[in-house]
Amino acid sequence: MKILILAGKHVDERELDLLPEGHERTVVRLTTVSRGVRRLEKDGAELVLFVPDGDDDSWPRAVGRVREEYGRQSIILTRDPEAEAEALAQGAFDCFAPGPTTRECLARSLRHLKDRLAVQAQLTTRQGLIDWMERTDAFGSWEMNANGDILWSGGLQRIFGREEAPGRRLSGLRNHVHPDDLEVFDRANEATFDQGWPLDFEYRVVDEEGKVRHLHVNREVELGPGGDVVRVWGMARDVSLQKEFEELLFRRDAILQVLANFASRFLRKVDWNEGVDEALAKLGKVADVTRIYLFKKDSGPDGGEVLSMHNEWGAEWVAPLSALPGSREIAVAPSYETWRGAMLKRKVVTGHVKHFRKEERALFAATGAKSVMIVPVFAGNAWWGFLGLSEHRRERDWLPVEIESMMLAANLFGSAIHYGEMSRKLVEANRSAEEASSAALEANMAKSMFLANMSHEIRTPISGILGMAEMMVTTGLTETQREHMDMIRDASNSLLNIVNDILDISKIEAGRMELKPEDFTFRSALETSVRSFGPQAELNGLVFRYSVAEDVPARLNGDPDRLGQVLWNLIGNALKFTPRGLVELNVELSRIESGRACLQFKVRDTGVGIPEDKLDAVFDSFTQADSSLRKKHQGTGLGLTISRQLVNMMGGEIGVESVVGQGSTFFFTAWFGLVEEPEPKAAPVRPRTPRALHLNILLADDNPMNRKYLQHFLTMFGHTVTTAENGVQALEVLRDKGRTIDVVLMDVQMPEMSGLEATRAIRESDGRLYDRRIPIIALTAYAMKGDRERMLEAGMDDYVSKPVDMHKLSEAIVRSTADREARKGMACRPVPPQPEPRAEEKIEVTLDVDSLCKRFEGNMDLYKDILDLFLLEAKVKREDLHKGLEAMDAKATATALHSITNISSHVLAMDVVKQSRALEKRCYCGEMEEVKEGVKDLVPRFDALVRAVENEAARL
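Structural notes on the overall build of the protein
Line of reasoning, step 1. Across its full length, the protein holds 27 helices and 28 strands.
Line of reasoning, step 2. For the protein, long-range pairs separated by at least 24 residues make up 63% of all intrachain contacts whose partners lie at least 6 apart in sequence.

Brief notes about a nonpolar patch on the surface
Line of reasoning, step 1. Together, Leu-129, Trp-132 and Met-133 give the surface a local cluster of nonpolar side chains, amounting to about 300 Å² of exposed area.
Line of reasoning, step 2. With respect to the secondary-structure elements, Met-133 resides in helix α4 (residues 102–137).
Line of reasoning, step 3. Its relative accessible area of 34% is what places Met-133 among the partly exposed residues.

Observations concerning helix α20 (residues 755–763)
Line of reasoning, step 1. All buried positions along α20 are accounted for by Gly-755, Leu-756, Ala-758, Thr-759, Ile-762 and Arg-763. For α20, the buried positions fall inside an angular range of 160° around the axis, keeping them on one side.

Quick word on the packing of aromatic side chains
Line of reasoning, step 1. Enumeration over the complete set of coordinates arrives at 13 aromatic pairs.
Line of reasoning, step 2. Residues Tyr-293 and Phe-386 carry aromatic rings whose centres are separated by 6.5 Å and whose planes lie at 85° to one another, so their mutual orientation is edge-to-face. Here Phe-386 lies in strand β16 (residues 382–391) and Tyr-293 lies in strand β11 (residues 291–299), a separation of 93 residues in the sequence.
Line of reasoning, step 3. On the basis of relative accessibility, which here comes to 6%, the residue Phe-386 falls in the buried class.

Quick look at the packing of helix α19 (residues 727–737) against α20
Line of reasoning, step 1. Contact geometry of α19 with α20 gives a least axis separation of 9 Å together with a crossing angle of 30°. Classified by the angle between their axes, α19 and α20 sit roughly parallel to one another. The two elements α19 and α20 meet at a crossing, and its hand is right-handed. Of α20, the residues touching α19 (which contributes Gly-727, Leu-731 and Leu-734) are Ala-758, Ala-761 and Ile-762.

Topic: the nonpolar core
Line of reasoning, step 1. Core analysis: the largest hydrophobic core is formed by 40 residues, its most contacted members being Phe-522, Ile-571, Leu-585, Phe-601 and Phe-668.
Line of reasoning, step 2. Of all the secondary structure elements, the ones that give two or more residues to this core are α14 (522–530), α15 (533–539), α16 (560–576), β20 (582–593), β21 (596–605), α17 (639–649), β22 (654–659) and β23 (663–674).
Line of reasoning, step 3. Top contributing element to this core by residue count: α16, with 7 residues.
Line of reasoning, step 4. Excluding anything up to four places from it in sequence, Leu-585 contacts Leu-526, Val-530, Arg-545, Tyr-546, Ser-547, Leu-567, Ile-571, Phe-601, Lys-602 and Val-603.
Line of reasoning, step 5. Counting residues in hydrophobic clusters, the runner-up holds 31 residues, among them Tyr-863, Ala-874, Ile-903 and Leu-945.

What about the sheet that holds strand β9 (residues 212–223)?
Line of reasoning, step 1. Sheet architecture is open: 5 strands sit in the order β7-β6-β10-β9-β8, paired in antiparallel fashion. Since the sheet does not close on itself, it has two edges, and those belong to β7 (150–152) and β8 (199–206), each with one partner. Each strand of the sheet is rotated relative to its neighbour by a mean of 25°, with strand direction disregarded.
Line of reasoning, step 2. Strand direction decides the pairing type here: β8 and β9, joined by 8 bridges, are antiparallel. Paired with Val-205 across the bridge in β9 is Arg-213.

With respect to the environment of Ala-379
Line of reasoning, step 1. By the secondary structure assignment, Ala-379 is in strand β15 (residues 371–379).
Line of reasoning, step 2. Assessed through its relative accessible area of 8%, Ala-379 is described here as buried.
Line of reasoning, step 3. In this structure, the C-alpha to C-alpha distance between Ala-379 and Ala-416, residues 37 residues apart in sequence, is 8.0 Å.
Line of reasoning, step 4. Setting aside chain neighbours within four positions, we find Ala-379 in contact with Trp-384, Gly-414, Ile-417, His-418 and Glu-421.

Regarding the packing of helix α2 (residues 59–68) against helix α3 (residues 83–90)
Line of reasoning, step 1. For the pair α2 and α3, the least separation of the axes is 9 Å and the interaxial angle reads 25°. It follows that α2 is roughly parallel to α3 by the angle criterion. Crossing angle aside, the handedness with which α2 passes α3 is right-handed. Within the contact between the two elements, α2 uses Trp-59, Pro-60, Val-63, Gly-64 and Arg-67 and α3 uses Ala-83, Glu-86, Ala-87 and Gln-90.
Line of reasoning, step 2. The residue inventory of the contact of α2 with α3, partitioned by class, reads 5 nonpolar, 2 polar and 2 charged.

Parameters and conventions
- Residues numbered from 1 in each chain as written.
- Predicted model: local features only at pLDDT ≥ 70, side-chain atom pairs only at ≥ 80, totals over all residues.
- Heavy atoms only, no water.
- Helix = DSSP H or I, 4+ residues; strand = E, 2+ residues; numbered from the N terminus.
- Contact = heavy atoms within 4.5 Å.
- Patch = residues over 30% accessible without salt bridge, like charges linked within 9 Å, V, L, I, M, F, W, Y side chains within 5 Å.
- Areas by Shrake-Rupley, 256 points an atom, 1.4 Å probe, with all protein chains shown as cover.
- Salt bridge = Lys/Arg side-chain N within 4 Å of Asp/Glu carboxyl O.
- Buried < 20%, exposed > 50% of the residue type's maximum accessible area, 1.4 Å probe, protein only.
- Arc of directions from axis to C-beta.
- Phe/Tyr/Trp six-rings, centres within 6.5 Å; stacked < 30°, edge-to-face > 60°.
- Axes fitted to C-alpha atoms, helices over the stretch in contact; angles between N-to-C directions.
- Parallel < 35°, antiparallel > 145°, perpendicular 65-115°, else oblique.
- Left-handed = near helix turned anticlockwise from the far one by under 90°.
- Core = buried A, V, L, I, M, F, W, Y, C linked by side-chain atoms within 4.5 Å.
- Pairing = 2+ DSSP bridges.
- Nonpolar A, V, L, I, M, F, W, Y, C, P; charged D, E, K, R; others polar.

Here's what the structure looks like:
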């Protein structure tokens, strides 16, 4: 600490050496110590130590000057015993007489002084921070002691707008309270001072300039032991700006409420003028202006633009504009060209009238307006006029929230005007539009009918061709004949794919394509979609492979069939345009958001590639990268178009990257729902071919090819089939032996009576002629949206489209007859187990698996069904053959041999077919002994065939 010692000339030097070490000191000897106080102006001492002579009585005055003029502390060393009281009264920090303990006392006093100065510095800093906070946030505090005296902070003095506090009592503050809030103020005082309640409330005060301020007040109370108030303190915040902003928001909300009330009225009436005057009146009131008006832009007599009054509202004491000369119609040029330019740019013109240019000021000054706001009104994209507001009471600064609200109002008027104009034009256009709409509706109906008929008329013969080809394959053909039949099937399938593509693109264009989401196991569905591409790639000398990232969820919700259709198109194209190399599919998880997973699929090939100028067009309808007359690959060019639409429906995007000669990569994303439940450990067994159901089936179809191949396959599956050519014949069969028919396969479109009409006749009968509950399955070539619903509504139980997939038809038969079987207690005929032949009797037979797979075109489900059916029928027919030979019954033996011939042909065991067919002929010739000997050689060979089929079925 830096100390200035002012000592008398006669003071002993030893008394001046009493200061403890560590302090900087300056000693000045004076006759009267008061003369040395001015040294503080040059000397930065923190403490003055007075050691006056015994006859020096100037030190009390010097102590006062040190404190009052310089704000420093002082300590007195004097031998006068009465001096201590006077020294402390004058403001000295300490006073004591020199002696043996002086050094110790002086050291203690300096420590206390140092601590005090530190506390004072901290308090000064904190007080400075509080003062800054009060200035910045416009708040202040006060404190009242038990005597009722109040200490006000500087912040409150600023709020009240005066240098001095509003008084030492709350009564002085009451003089500043707004008259309307005096009752609130008085009740708050009663609650605080009489009942000792802390409070949080608001009231208004009026400052010295008459400006109203809103105060938010918090009070706290300290009570004494007897419950009396001993101390009260509080804080007041100036929330005037917040209140003003709240008032503006309230005003804006009121304006929006007015606009909302009139919006529906304006926007649904052709004549928008109705209600404009009422809207302007309410807008003017809630906006708190003295006048609001609407001007429209017109053409003047000289061809220039003029602004003419359309509507106005004004306060009662303000003269209307329509009564003022020259105010109803204002020429834009030359006075208001600047405003015109601003409004054309959709800008708002605001300001005090006195700040406008002279030519602009003249009009508004004549009306008495002090501030105006001009908001442009646009009807569509055309400048229609403006909405104006005037304030006559005071100069008003328009706030952004007010300008924003009036812009909304102007937009509403503009929309109403535009709607009115467009409505008038629309009324005129509607007459011709109705005619055009009727024509378009008829054309759309004709298109839908054409597509439906085209579907039926083309798919029906294709169904017959495919069915007959399948039937021929099962009869046992030579290699050349099988190759020809394969060519027929391939051509039919190509034609069917073209028809399906055209129907799909028509559904998409008509907005009738829909996804059918369901929970499914992703990897199983993917394997089902792509497994047939492996054999196809091998036939062409290519490699096909696919992979799924580990983080792809196991169970998803989506449409696996449509996903498979996209993959079928992309992978099929890749195989088609890849002469050598490989085609691969990669599936990765892109991201997971909000319970949904986005998967990314990439189909890469090493094929011919796509030219860069063709990349943007490959997804267009009927477009191919090679569209020349000499193109190598056939197709409609619809596959990628359909794929793009399906990907978009699944919430994703599709694209392609390609380099000519190096290959292409098609990639797309698709969104699927995440399935919460875990993947089932054992998938439910789906309905398979009804190998255990030997049903009596009525087949009604007017196409002979369809009847023939369906009868062939249904008989092959063990059913008894009765046919009918139309609905009338079907009803006759049901009337004659309907109680023995288990299920009806009904074509929809037939002559004389359609399948729908026949179904209705059955369902609506009284039950005496027909079994009203007999299962009916629709067979139809219709494939448009709504066809399935139409057939089910007619009373059909299920629906299978043509060309008929025997696997799907079998599943439909199982579903439709499930309840009927339960009631009848159907069961398979028990087949006694056959003894296993001795090892030396075993003959090995190898199945032609490659030919079988090619025959079923990769349809492994149907392949497995045929093998299972063979095994079931083989045991039964072998037993029938044994019984026939035992009884030497030629007819029963021939029937059993005929069945063995048929089922052996199904698995292409042509040596067994040839041998059993020869023995069957001998039965008809009565050569039973020869037959018996021949069967000894046939049965081991047939048993070997059964074992080979069992092994293949187990492998699958």
